[in-house]
Amino acid sequence: MRAYGIRDVIGPVMVGPSSSHTAGALRIALMTRRLLGAEPVEATFTLYGSFAHTYQGHGTDRALVAGLLGLAPDDLKVRDSFALAEEAGMAFSFVPDETTKTEHPNTVNIRVRDAAGTVTEVRGESIGGGAAQITAINGVQVMLTGEYHSLVVKQKDVRGVLAFIAACVAEMEVNIATTKLFRERKGDVAFTVMETDDPIPDAIAQMLTANPKILQVRIVPSDRSSEALAPVSELEAEEEGFCPTGFGAHLTAEQAELLFSSLDFHTGAELLAFAEKEGLPISDAICRRERAMLASLGITVDDTHRYLGEALKVMRDSATGPLTHPEKSMGGLIGGEAQKLWAEIQAGRGFGDTLSVRAVMYAQAVLETNATMGRIVAAPTAGSAGVVPAVLLALQDVYGFTDEKLGRGLANAGAIGMLIMKNATVSGAEGGCQAEVGAASAMAASAAVELMGGTPRQCLEAAAIAIAGLLGLVCDPIRGLVEAPCQKRNATGAANALAAAQLALADIDSYVGFDETVAALYAVGRSLPFELRESALGGLAATPTACALCHACAPGQQPCD
């Protein structure tokens, strides 16, 4: 997979309620659709692990259908995908398999019959934060991430075919990023997955299929190219007034790769050393890395500033809409909480300082938007999407920070989230709620420190303190919904972030340090039993009250215990 960028942490922009169970699931189905030769007419989704237990509450079912229909992760029509499938004449069914063990807890098999009568079977995994990968096509183990433009070729496993494919791609002046050959047995059917930096022209398919040893060709465009806020081209940049990447714009591909490798921070210690050496805040340090990464990918225009500005707009809408226009959530467990807090603040009855009360209110609101399948920004996940905007918007309300300053806060938060994603996990199904809300709280704490004039060292200390405050937090969504206790935990994460930031600004250190704290988060997450990792089988989800709600709202569902 390509290196993480800021958009992978502050993003994707998506409809709720879950980045891994909604956006990630949709991406699996969308990649599957691109592997088909005709429109899908019938699909069976077999769900494993966490998917099997929570697919209805997390909107996984709607997302999978939406992906096969070709909808994007931020399309509000995702919530209506069942009706859209009926209109399109696509039949579908879901088979939850709660007993088969899979390598990843968010796994689905998709068996599709298309309009030409061809049956395609795909296995996919949603790996957290909205990212996904295809691990098998028609029983052959592959690896397809959707991050690059990809050419997927089904072929006879004989000498010379791979060289022929590469020659055709080179003839069309498409730059190859990676090439992998997958097969079950020598001399049988094989798949070549070729990832490219450039879009793949349709003419390549015609060139390849002229060879009788090529059985099938599919072009899978990059997920990045389908996002509403994908990097702009040089022509678009000129029209819209964006600036080139600066030092990256004039480098050769080899020079850009070397530059990026020197700035691709693997630990907090590396990030801190660079920031202190260059005299930069973390937001500037990570943006230098972003420019180098884009240059290494051949992207000569850096519109990160625009992206963060657009993300902030979506965050603000998701945090303020429910204050005046609350809606009941899909599962019916939440809705209207933020408006109640807003009324308390307006009446002067807010408990504690204004900053904390506003942060709690905004966190509640974002989760309400999320739970109605509204548009939010995963930061780093949908289940923890309320924490970062809550802290930033509350700081803006109290201290008057400009949107430009909040954009810097988002970049800082992205740096912290990126390091956690690299060295641990932000997936509740892998590491519990400590990996989602805990990571978001660390991101918000670090951003708050920078906004308040703190040093890069204090930012990392704040992030470590925030993680430590929520270490061991389990993921136990009632009825498998990203509603309760998720909404309240986002509020806790926001308050925890402000406390951690205040401690760090007072030069109170974390003792253990950021990198070791992240390692501890990962170790604790791996030690949590499956029941406490987004399965809805343990913790609050297994209490008598929760189980009663489960039976009342979902007749026929297996008991939580």
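Our structure's up above, just so we're on the same page.
Analysis parameters
- Residues numbered from 1 in each chain as written.
- Predicted model: local features only at pLDDT ≥ 70, side-chain atom pairs only at ≥ 80, totals over all residues.
- Heavy atoms only, no water.
- Pairing = 2+ DSSP bridges.
- Helix = DSSP H or I, 4+ residues; strand = E, 2+ residues; numbered from the N terminus.
- Axes fitted to C-alpha atoms, helices over the stretch in contact; angles between N-to-C directions.
- Contact = heavy atoms within 4.5 Å.
- Parallel < 35°, antiparallel > 145°, perpendicular 65-115°, else oblique.
- Left-handed = near helix turned anticlockwise from the far one by under 90°.
- Buried < 20%, exposed > 50% of the residue type's maximum accessible area, 1.4 Å probe, protein only.
- Nonpolar A, V, L, I, M, F, W, Y, C, P; charged D, E, K, R; others polar.

K.L.:
Now, about the sheet that holds strand β5 (residues 119-128): what can you tell me, with residues and values included?
P.N.:
The strand order β3-β2-β4-β5-β6-β7 describes an open sheet built from 6 strands, whose pairing is mixed. A strand with exactly one partner marks an edge of an open sheet, and here the two such strands are β3 (91-97) and β7 (140-144). With strand direction ignored, the average angle separating the axes of adjacent strands in the sheet is 25°. Pairing geometry for strand β2 (residues 40-48) and β3, over 7 bridges, is parallel. Looking at the pairing, Ala43 lines up with Phe92 of β3. Contacting β2, β4 (106-114), β5, β6 (131-137) and β7, helix α2 (residues 19-34) runs over the sheet at an angle of about 45° to β6. In this fold helix α4 (residues 60-69) packs onto β2, β3 and β4, with an angle of close to 145° to the strand it touches most, β2.

K.L.:
Go over the packing of α2 against α4 with me, naming the residues and quoting the values.
P.N.:
Their axes nearest at 7 Å, the elements α2 and α4 cross at an angle of 30°. The orientation of α2 with respect to α4, classified from their angle, is roughly parallel. In this structure, α2 crosses over α4, and the sense of that crossing is right-handed. Listed contacts from α4 to His21, Thr22, Ala25, Leu26, Ala29, Leu30, Thr32 and Arg33 of α2 are Thr60, Ala63, Leu64, Ala66, Gly67, Leu68 and Leu69.

K.L.:
Explain the sheet that holds strand β9 (residues 176-183) residue by residue, including any values.
P.N.:
Within the open sheet, the 4 strands sit side by side as β9-β10-β8-β11. Their pairing is antiparallel. Unpaired on one side and paired on the other, β9 and β11 (214-220) mark the two borders of the sheet. Put simply, the sheet's adjacent strands are angled 15° from each other on average, direction ignored. In terms of strand pairing, strand β8 (residues 149-156) meets β11 through 6 bridges, oriented antiparallel. In the strand pairing of β11, Val153 is matched with Val217. Across the sheet, helix α6 (residues 161-171) is in contact with β8, β9, β10 (189-196) and β11; its angle to β8 comes to roughly 145°.

K.L.:
Would you mind going over the environment of Thr545 in detail, with residue names and values included?
P.N.:
As for its placement among the helices and strands, Thr545 is situated in helix α23 (residues 544-553). According to the relative accessible area criterion, Thr545 is exposed, its value standing at 58%. C-alpha separation for the pair Thr545 and Arg306, spaced 239 residues apart in sequence, amounts to 46 Å.

K.L.:
So, the packing of helix α15 (residues 354-371) against helix α21 (residues 486-505): which residues are in play, and what are the values?
P.N.:
Orientation of α15 relative to α21, taken along the N-to-C sense of each, is 145°, at an axis distance of 8 Å. At the point where α15 passes α21, the crossing takes the right-handed sense. Contacts between α15 and α21 involve Leu355, Ser356, Ala359, Val360, Ala363, Gln364, Leu367 and Glu368 from the former and Cys486, Gln487, Lys488, Asn490, Ala491, Ala494 and Leu498 from the latter. Its residues placed into classes, the contact of α15 with α21 shows 9 nonpolar, 4 polar and 2 charged.

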